[in-house]
Amino acid sequence: MKDFIFIHFDNFSHWGIIVKELFQSNSLPDESTIITYTSYPPGSALFIYYIVTITGFSESMALISQAILIAGALSPIFIFCSWKNPFYLVGFLFIPAILLFVNSRSFYTLLVDPLLAYLSIAIIIIAYYYRDDWKRMTITILPVLSLLVLTKDSGKIFLAFCFLWIIGLFVRLIRKNSLSTRQKLYTLGYTAGSTILVPLFINLLWSRYVDNAYSSENQLSKFSITKDTLMDINKSPEVIATLLPNVWDAAFDISSNMFQGMLIANAIAVSSIVVILYLYKKTPQTLMFATIFVNVFYVLYIALLYLLYLYLMPEGEAENLAGFTRYQSSAAIFFIGILITFVLKEWMDKQNSYSYLRLPKLTVVVICLSIMTPFLDDGRSFFTHGYANTDIRPTASNLLTELRQQENISPNTRITLLNDIGESDHGFLRHLMRYERMTANTFVHTMCTLAKEKESLIEDIHKSRYLMVIKITSEMEMCLTENSSVENIEPGLYHIEDGVIASKPIHHKDQLNQ
């Protein structure tokens with residue numbers, strides 16, 4: 001990741017810009033900053049801030065910091081391994097590899113959707129490992145649970161399922177051990193306090209910070225849950241009627257590699273249960289419970305996604321299921337990671353059996369090759385770093401750098417930017433320029449075909465001191481005829497004087513020569 005830069009849209013809309021804001025201000029964001037998703041928790045951003053404060057800020061170091069956090073979250077997958085059985089260590093190496101291949105390109109962003117699943121897998125595995133030592137369990141998972149709820153609001157969904165897993169382990173503890181009522185209440189008390197009350201208290205602290213840092217009209221971000229959003233669906237009847245079938249089709253689409261991976265993981269788990277039960281005459285209870293658990297999780301998770309689109313998403317985004325792949329990737333990572341970890345653990349335990357000595361190792365090889373099959377293409381794209389807007393960022397950033405070298409501009413300097421691509425770029429350049437300048441004083445226009453678009457363009461020209469042109473067509477130039485003294489506007493930089501586009505900015509070198 002050395003020398004990598006941000007190119008994904010969401011790095012500029014929130015996840016990258018908050019890290020840059022933390023680094024520049026050495027404080028959490030408030031109304032003086034340009035953070036628009038004000039209620040988004042800052043968990044992963046604070047970890048990245050901690051690292052880049054030591055090393056110095058760069059986008060590649062921010063990506064490396066996120067990778068360090070991901071590596072830490074994935075490390076509990078190896079908790080059952082032993083150097084006495086190095087073969088199974090290789091087998092367990094396949095799990096994080098596969099999990100990284102799910103929504104593989106997100107690894108080159110600061111998006112946290114996969115991170116939610118990685119942290120949740122860590123909690124599930126650690127809780128199971130310390131199932132007979134509850135004090136150590138609660139102490140170990142407490143910081144991970146706290147980070148989970150501070151990573152994203154949807155982390156509370158994963159927190160709930162982690163708590164359900166812990167409840168299952170508590171039931172096992174009671175059935176396995178003869179505990180007095182006092183011991184049961186004592187264990188239940190400090191477990192509930194550590195796994196529920198402390199993380200929710202930390203979430204409350206963040207909510208209180210948002211209340212104090214922002215005025216009431218600015219503290220709510222795009223997906224904030226309020227009484228109004230829950231009482232008013234605000235969708236057309238057509239969208240409401242088609243939303244559930246669309247979510248269902250997307251969630252259980254057999255052509256999706258993520259759903260294929262979950263199907264294969266299910267087949268592996270069920271086959272392992274049947275074979276172990278038949279050959280070893282022993283029921284793999286943990287694997288059975290894990291299989292039921294992840295399948296129930298996925299169904300409920302999709303139901304919650306449906307409610308998200310129904311109540312919180314704007315109609316246009318709900319109709320197109322915006323971001324569904326990202327949300328599904330969190331569920332797929334959680335599903336596959338837990339299930340395959342416990343499958344491999346079950347077969348590793350069978351290595352100590354005197355019968356069928358070679359079967360466990362052979363089975364592990366088959367499992368690893370099978371679960372990798374749907375993600376082969378993602379494995380290839382994991383080693384690439386490309387998105388649709390890759391070429392736009394260097395062009396826009398270079399123009400801004402050139403302007404800074406030629407003119408004494410400040411964050412308050414207003415600039416109009418033209419990239420006449422004939423259609424909207426969905427706000428990519430607007431968010432990019434906000435990130436580059438840490439201000440909202442760049443007005444971006446990508447077309448000028450309607451009277452409303454022309455009116456908005458001319459209004460922004462009158463506000464601005466400079467014009468940056470990436471791409472322009474004759475149609476866009478016609479819109480600027482009355483506000484330009486330049487005969488042919490070409491890509492580059494221009495002065496704007498009293499609402500009229502004038503000459504290109506004068507280089508310092510030219511000024512010195514004069």
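On a predicted model such as this, the values are computed, not experimentally measured, just so you know. Residue positions are given per chain, counted from 1 along the sequence in the order it is written. Whole-chain, interface and lining totals are the exception, using all residues; otherwise, since this is a predicted model, local features are given only for residues with pLDDT of at least 70 and side-chain atom pairs are given and counted only at 80 or more. Calculation of side-chain values draws on the structure's entire complement of heavy atoms; hydrogens and water are dropped beforehand.

### Description of the pairing of strand S4 (residues 492-497)
Then, in step 1: In terms of burial, S4 is a largely internal element, 5 of the 6 residues being buried.
Then, in step 2: The pairing criterion for strands is at least two bridges between them, as found by DSSP. A helix here means a DSSP run of H or I that spans at least four residues, while a strand means a run of E at least two residues long, and both kinds are numbered starting from the N terminus. Bridge analysis of strand S3 (residues 466-471) against S4 gives 4 bridges, and the strand direction is antiparallel. Across the sheet, residue Val469 finds its bridge partner in S4, namely Gly492.
Then, in step 3: As paired elements, S4 and strand S5 (residues 500-501) share 2 bridges and run antiparallel to each other. Residue exposure (1.4 Å probe, protein chains only): buried if accessible area is under 20% of the type maximum, exposed if over 50%, otherwise partly exposed.

### Focus on the state of the cysteines
The term disulfide refers to a covalent linkage connecting the sulfur atoms of a pair of cysteines.
Then, in step 1: Criterion for a disulfide: a pair of cysteine sulfur atoms at a distance within 2.5 Å. With the rule as written, the count across this model stands at 1 disulfide.
Then, in step 2: There is a disulfide in this structure between Cys448 and Cys479, and the S-S distance comes to 2.1 Å. Taking the torsion about the S-S bond as the criterion, the Cys448 to Cys479 disulfide, at about -105 degrees, is left-handed. With Cys448 in the loop between strand S2 (442-445) and helix H19 (451-463) and Cys479 in helix H20 (residues 474-479), the pair connects residues that are 31 residues apart, well separated along the chain. The pair formed by Cys448 and Cys479 is uniform in burial state, with each residue classed as buried.
Then, in step 3: Of the cysteine sulfurs around Cys81, a residue in no disulfide, the closest is that of Cys368, at 11 Å.

### As for the packing of aromatic side chains
Then, in step 1: Put simply, two rings from Phe, Tyr or Trp (the six-membered ring, in Trp's case) pair if the centres are within 6.5 Å, and we call them stacked under 30 degrees between planes, edge-to-face over 60, tilted for the rest. Under the defined criterion, the tally for this structure stands at 36 aromatic pairs.
Then, in step 2: Measuring from centroid to centroid gives 5.6 Å for Phe158 and Phe334, while their planes differ by 75 degrees, and the two rings are edge-to-face. Placement of Phe158 in helix H7 (residues 155-176) and of Phe334 in helix H14 (residues 324-349) is noted, with a sequence separation of 176 residues between them.
Then, in step 3: Above the ring of Tyr128, the side-chain terminus of Arg131 is found at 4.0 Å from the ring centroid.
Then, in step 4: Seen from the ring of Phe80, Lys345 lies directly overhead, with NZ or CZ sitting 5.6 Å from the centre. Two conditions define a charge sitting above a ring: the NZ of Lys or the CZ of Arg must be within 6 Å of the ring centre, and it must be within 35 degrees of the ring normal.

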